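Architecture and fold: a report
Chain residues, written in single-letter form:
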Amino acid sequence: MKKLSVALAVAALFASPLALAKTVEAVASFTVLADIVKEVGGDHVQVKSLVGPNGDPHTFEPTPQDSQSLAKADVVFVSGLGMEGWMDRLISASGYKGKVIVSSTGVSTHQMEEDGATVTDPHAWNSIYNGTIYATNVMNALIAADPEDAAYFRQQGSAYISQLNKLDQWAQKTFAAIPQQKRKVLTSHDAFGYFGQRYGVKFLAPVGLSTEAEASASDVAALIKQIKAEKIHTYFIENQTDPRLVKQIATETGAKSGGELYPEALSEKDGPAATYVAAFKHNVEAISQSMK
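Residues numbered from 1 in each chain as written. Predicted model: local features only at pLDDT ≥ 70, side-chain atom pairs only at ≥ 80, totals over all residues. Heavy atoms only, no water.

1. Points about the overall build of the protein
- Scanning the protein from N- to C-terminus turns up 11 helices and 10 strands.
- Evaluated residue by residue, the protein yields a buried proportion of 50% over its 292 residues.
- Considering only residue pairs separated by 6 or more positions, the protein has 65% of its internal contacts joining residues 24 or more positions apart. (Helix = DSSP H or I, 4+ residues; strand = E, 2+ residues; numbered from the N terminus. Buried < 20%, exposed > 50% of the residue type's maximum accessible area, 1.4 Å probe, protein only. Contact = heavy atoms within 4.5 Å.)

Written out as structure tokens, the structure is:
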């Protein structure tokens, strides 16, 4: 009788929803997006980030291993807005036939003038309000990929979106307490357009929206003149870019280092920006502290 009870218990375990739960194999283009997928997907998602920690998503060059990862994926997530110029070639090479989820869908885009042309800023997630749109799109995509776990994804997604909304309110209050004329900083490239728009901060940078661009001597000279005129006292380097140019400009203008920001890539797991939430908190605290 005892042996029968044990056999029934084992059978019940394997028949339970937990034992039969599906794991969605997801691929995300870069670490910030991969973390959003991980937070929303929880235990029911295995996610791989193509661009690794501290990696530059503008200059990323895929490997054959990345192609293999795509071929095995149930769903692929990209940010869109022109961020991943290399993704179409990678998808074609991998033979992936599944859905590609553009996580920025629904974002109110930010336009910028660059080399005489109007271009769309791809760095939408740096406004954490937009992060709630990314998380909602990710949640809906995971529900479509694994309808049996829909309730789980809704619970995970709703809790995460609530956390992001609270951070958005905190950031707005943090910068609202600082006089407008002090809300100016120098960074390596134009990655903070959405951040600046949402939280009332002015960012100046020697390089445009993509780190692949190069600043001309006249652009740098004009920027140095503007920094001096606007009395910008702080510069930041970015974890995924070469800091030499911004440091050179700082030397010319007398601006002091405010530390490192994480606009496009998370840090390693033991770093200060291992998650999207941690990176956003770090950026807000570093930038706001430099203004005080």
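Anyway, onward from the coordinates.
2. Focus: the nonpolar core
- Judged by nonpolar contacts, the single largest core of 70 residues is most densely connected at L70, F77, M87, F175, F195 and I287.
- Within the residue set of this core, elements represented by two or more residues are β1 (24–28), α3 (31–41), β3 (75–78), α5 (87–94), α6 (128–145), α7 (150–176), α8 (193–199) and α11 (276–291).
- With residues up to four places along the chain from it excluded, the contact list for F77 reads A26, V27, A28, S29, L33, V37, I101, S103, V138, A141 and L142. (Core = buried A, V, L, I, M, F, W, Y, C linked by side-chain atoms within 4.5 Å.)

3. Things to note about the packing of α3 against α7
- Direction vectors running N to C along α3 and α7 enclose 125 degrees, while the axes themselves pass 7 Å from each other. When the interaxial angle is binned, α3 and α7 end up oblique. In this structure, α3 uses D35, I36, E39, V40 and G41 to contact α7, whose residues at the interface are Y152, F153, Q156, G157 and Y160.
- Taken together, the residues of the contact of α3 with α7 break down into five nonpolar, three polar and two charged. (Axes fitted to C-alpha atoms, helices over the stretch in contact; angles between N-to-C directions. Parallel < 35°, antiparallel > 145°, perpendicular 65-115°, else oblique. Nonpolar A, V, L, I, M, F, W, Y, C, P; charged D, E, K, R; others polar.)

4. Section: α7
- Compared with the 39 Å implied by 1.5 Å per residue over 27 residues, the 38 Å span of α7 between its first and last C-alpha is a close match.
- For α7, the full list of buried residues reads A150, F153, G157, Y160, I161, L164, L167, D168, A171, T174 and F175.
- For α7, the elements touching its buried residues are β1, α3, β2 (45–49), α6, α8 and α11. (Expected span 1.5 Å × (residues − 1).)

5. Quick notes on α3
- Among the 11 residues in α3, nine count as buried, and that is most of the element.
- Looking at the packing, one finds that the buried side of α3 touches β1, β2, β3, α6, α7 and α11.
- Two residues or fewer past α3, G42 is found with a positive phi of approximately 55 degrees.

6. Thoughts on the side chain of E84
- Structurally, E84 is set in the loop between β3 and α5.
- Within the buried core, E84 has no salt-bridge partner, and the shortest N-O distance to an opposite charge, that of R89, equals 12 Å.
- Polar contacts involving the side chain of E84 include one to the main-chain amide nitrogen of S79, which spans 2.7 Å.
- From its side chain, E84 meets the backbone nitrogen of G80 in a polar contact 3.1 Å long.
- For E84, the contacting residues outside a window of four places in its chain are S29, F30, V78 and S79. (Lys, Arg positive; Asp, Glu negative; His and termini not counted. Salt bridge = Lys/Arg side-chain N within 4 Å of Asp/Glu carboxyl O. Polar contact = N/O pair within 3.5 Å; in protein donor to acceptor, adjacent residues only side chain to side chain.)

7. Examining the pairing of strand β9 (residues 234–238)
- The buried count for β9 comes to five of five residues, which makes it a mostly enclosed element.
- Burial along β9 is two-sided: the residues T234, F236 and E238 and Y235 and I237 are all buried.
- Relative to strand β10 (residues 256–261), β9 runs parallel, the two sharing four bridges. The partner of I237 across the bridge, within β10, is E260. (Pairing = 2+ DSSP bridges.)

8. Quick notes on the packing of α6 against α7
- In the contact formed by α6 and α7, the axes pass within 9 Å of each other and the chain directions differ by 175 degrees. With respect to each other, α6 and α7 are oriented roughly antiparallel. Taken together, the residues of α7 that come into contact with α6 (itself represented by I128, Y129, G131, T132, A135, T136, M139, L142 and I143) are A150, F153, R154, G157, S158, Y160, I161, L164, N165, L167 and D168.
- Partitioned by chemical class, the residues of the contact of α6 with α7 number 12 nonpolar, six polar and two charged.

9. Focus: the packing of aromatic side chains
- One pass over the structure, following the stated rule, counts 11 aromatic pairs.
- Judged by centre distance (6.0 Å) and plane angle (70 degrees), the rings of Y152 and F153 are edge-to-face.
- The interplanar angle of 90 degrees and the centroid separation of 5.6 Å between the aromatic rings of F192 and F195 together place this pair among those described as edge-to-face.
- Relative accessible area serves as the criterion here: at 2%, F192 is assigned to the buried category.
- In this arrangement the basic side chain of R198 is found over the ring face of Y129, its NZ or CZ atom lying 4.5 Å from the centre. (Phe/Tyr/Trp six-rings, centres within 6.5 Å; stacked < 30°, edge-to-face > 60°. Lys NZ or Arg CZ within 6 Å of the ring centre and 35° of its normal.)

10. Details of the sheet that holds β1
- Across the sheet, four strands lie side by side as β2-β1-β3-β4; this open sheet has parallel pairing. The open sheet has two free edges, formed respectively by β2 and β4 (99–102), since each of these has just one partner strand. Each adjacent strand pair in this sheet contributes to an overall mean axis angle of 25 degrees, direction not counted.
- Examined bridge by bridge, β3 and β4 share four bridges and lie parallel to one another. Bridge pairing links F77 to I101 in β4.

Purely spatial values, then, with no claim about function.
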